[in-house]
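The chain contents come next:
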Amino acid sequence: MKTIINLFHPNFKQSRVNKGLADQVKGEFEVRNLAELYPDFMIDVKKEQQVWPVRLGKNS
């Protein structure tokens, strides 16, 4: 089970800090760029709820 890091940077490719963080923890943590997954800012709540319970051990 990996810890999830959610990034919300709108221009991730030009970001120094967020990109550096993601590069440093690659393999140790699951990095999810929500701005890339949801460029229209319409977050799929049901989908995101499916991501978290598995990590919290609450998914049967």
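Residues numbered from 1 in each chain as written. Predicted model: local features only at pLDDT ≥ 70, side-chain atom pairs only at ≥ 80, totals over all residues. Heavy atoms only, no water.

### Notes on the overall build of the protein
At step 1: For the protein, the count of helices and strands is 3 helices and 2 strands.
At step 2: Each helix and strand of the protein, placed in order from N terminus to C terminus, yields the pattern β-α-β-α-α.
At step 3: Taken over 60 residues, the protein has a buried fraction of 22%.
At step 4: Taking contacts inside the protein between residues at least 6 apart in sequence as the whole, the part at least 24 apart equals 60%.
At step 5: Surface accessibility of the protein: about 4,900 Å² in total, with carbon and sulfur atoms responsible for 55%. (Helix = DSSP H or I, 4+ residues; strand = E, 2+ residues; numbered from the N terminus. Buried < 20%, exposed > 50% of the residue type's maximum accessible area, 1.4 Å probe, protein only. Contact = heavy atoms within 4.5 Å. Areas by Shrake-Rupley, 256 points an atom, 1.4 Å probe, with all protein chains shown as cover.)

### Observations regarding unusual backbone geometry
At step 1: Phi at Phe-41 takes a positive value of approximately 65 degrees, unusual for a residue other than glycine.
At step 2: Within the element layout of this structure, Phe-41 appears in the loop between helix H2 (34-37) and helix H3 (45-56).

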